[in-house]
Amino acid sequence: AGAGAGGGGTRFDLEKETELRFEVEAGEKVQLELLTGLAEVFGSELNRNKKYTFPPGSKIAVFTWQGCSVSLSGKTEVAYVSKDTPMLLYLNTHAALEQMRRQAERDNERGPRVMVVGPTDVGKSTVCRLLLSYAVRLGRRPTLVELDVGQSGVSVPGTMSALCIERPADVEEGYSVQAPLVYHFGSTTPGTNIKLYNKLTSCLAEVFSQRCEVNRKASVGGCIINTCGWVKGSGYQALVHCASAFEVDVVLVLDQERLYNELKRDLPHFVRVVLLPKSGGVVERSKDCRREARDDKIREYFYGFRGVSFYPHAFDVRFSDVRIYKIGAPSIPDSCLPLGMSQDDTQLKLVPVTPGRDLTHHVLSVSCADEGEEVAGGVRRGLLESPVCGFIVVTNVDTQGQVMTVLSPAPRPLPRHTLLIMDIRFIDLK
Ligand code: ATP
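Our subject in this report is the structure included herewith. (Residues numbered from 1 in each chain as written. Predicted model: local features only at pLDDT ≥ 70, side-chain atom pairs only at ≥ 80, totals over all residues. Heavy atoms only, no water.)

Here R291 shows up in helix α7 (residues 287-303). Taking the C-alpha atoms as reference, R291 lies 27 Å from Y80; in sequence the two are 211 residues apart. (Helix = DSSP H or I, 4+ residues; strand = E, 2+ residues; numbered from the N terminus.)

What follows is the structure, encoded as structure tokens:
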């Protein structure tokens, strides 16, 4: 690869099957342009002579199957070309999945259900995006199931969701998020409430299966499940649970032989467990970096992203007009539990929350739960398994006046009155 000035930027000539990796410096922006040949960013093709802008902190790989030249302008922390990528293995994986879809089409069966697992920072989300983009480029309609409650590619952190993919992810903005199915989990790690995590996994699996029954394209497209990087203890058990809830056919294990062997041992023999290397380009992210990414995701939800600005609303909500719940009572020793009650029950219990100053800055999910159900007393079961229709942030609590001020994407009134509290906070600096 040769670098030199071209069109105001640095020109890189890439040979076939190589990639240009770069990171955008803090406080800077970088523009990328494809000058000749063909190239893609995580499975989404670049258009020639279009300028793509990446914000601070972006970590990008421009890969080419055929060879290309691109130009980069702006300040990058690093920018180098690598010939050593696992892309051919990833492409072969895609080809095998596509084979399964063809077979499903022929035999009137369902397409592959794939779970992508591995420790943190091995490129799980990137592999999911790649496989989804390749599938959709062939006209498939795969579903992304996002179980990574820390770094969700679909919704705000603390949620678990499913999204039908209809076009490749946008090079700059990622998935176009239209009508995802989102559930409230409430925290950024499954360990906070593993019972709830497993329950919501089952819920998503059930809804997905129902959809497959009525939608042939969705059934053939199958799903790609992105999971958390917590692969030990209960985290591992959650993966096994997910595999069984979704009845997965394929598990792609990134970078960890131990996990690969454990899953091979514990999953039924018809599940194909495949070990794949991670890309050398995947960048490790620090705790701070992850926290920032989570904050950005919430900010985007309220204020929009790049070209698209949203204008959120601030208004007062009377305590008496809403019901706020937290899911999961603090665990108590087994010996103190009422007769006939198990620890599971406490983790899935809805605890009414009386608004106080400590609610300030918390993110709340607005539940779609049918409010009639509540009157009927069905709320306890219905609420956990009801999807979420949006999120608000509490910006102020006036205990005297019995009102709280909230930041909301839509004007008042709230569409629903049942709110679930997250242990995630967002400080609105605007
Ligand atoms: P998590 O631990 O959050 O689950 P993950 O395993 O899903 O992480 P990714 O989010 O896929 O990892 O990747 C981590 C970061 O590395 C992302 O910012 C992504 O854009 C970047 N990245 C992935 N592959 C490459 C590559 N080949 N070159 C450069 N950057 C890359």
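Mapped onto the elements of the fold, E23 is located in strand β3 (residues 18-24). Buried and unpaired, E23 has no salt bridge, with K59 as the nearest side chain of opposite charge at 4.1 Å. Once residues lying within four places of it in the same chain are set aside, the contact partners of E23 are S58, K59, K75, T76, E77, V78 and V283. (Buried < 20%, exposed > 50% of the residue type's maximum accessible area, 1.4 Å probe, protein only. Lys, Arg positive; Asp, Glu negative; His and termini not counted. Salt bridge = Lys/Arg side-chain N within 4 Å of Asp/Glu carboxyl O. Contact = heavy atoms within 4.5 Å.)

The next point concerns the environment of T120. Tracing the backbone through its elements, the reader meets T120 in the loop between β11 (113-117) and α2 (124-137). Since its relative accessible area comes to 43%, T120 is described here as partly exposed. Taking C-alpha positions, T120 is 22 Å from V62, a pair spaced 58 residues apart along the chain. In contact with T120, not counting residues within four places along its chain, are G229 and R290.

The subject of this paragraph is the site of the ligand. Lining the immediate surroundings of the ligand are 21 residues, of which E19, K59, S125, T126 and R285 lie closest. Measuring from an oxygen atom of the ligand, one finds a backbone N or O atom of K59 at 2.7 Å. At 2.9 Å, a backbone N or O of D121 approaches an oxygen atom of the ligand. Put simply, the parts of the chain that give the shell around the ligand at least two residues each are β3, β8 (59-64) and α2. Counted by class, the shell around the ligand contains six nonpolar, seven polar and eight charged residues. (Near = heavy atom within 4 Å. Polar contact = N/O pair within 3.5 Å; in protein donor to acceptor, adjacent residues only side chain to side chain. Nonpolar A, V, L, I, M, F, W, Y, C, P; charged D, E, K, R; others polar.)

A separate point is helix α6 (residues 257-266). Those residues of α6 lying buried are L259, Y260, E262 and L263. End-on, the buried residues of α6 take up no more than an arc of 165°, which puts them together on one face. More than 90 degrees from the buried face of α6, the exposed residues found are E257 and R265. The inward-facing, buried residues of α6 contact β11, α5 (233-245), β16 (250-254) and β17 (272-276). (Arc of directions from axis to C-beta.)

Scanning the entire structure with this criterion turns up seven aromatic pairs. Aromatic side chains F22 and F54 sit 5.9 Å apart centroid to centroid with 70° between the ring planes, which places their arrangement in the edge-to-face category. Of the two residues, F22 is situated in strand β3 and F54 in strand β7 (residues 51-54); the sequence distance between them amounts to 32 residues. For F54, a relative accessible area of 2% gives the class buried. Aromatic pair Y301 and F302: ring centres 4.9 Å apart, planes at 85°, arrangement edge-to-face. Within the aromatic cluster, the residues linked to one another by ring pairs are Y301, F302, F391 and F426. (Phe/Tyr/Trp six-rings, centres within 6.5 Å; stacked < 30°, edge-to-face > 60°.)

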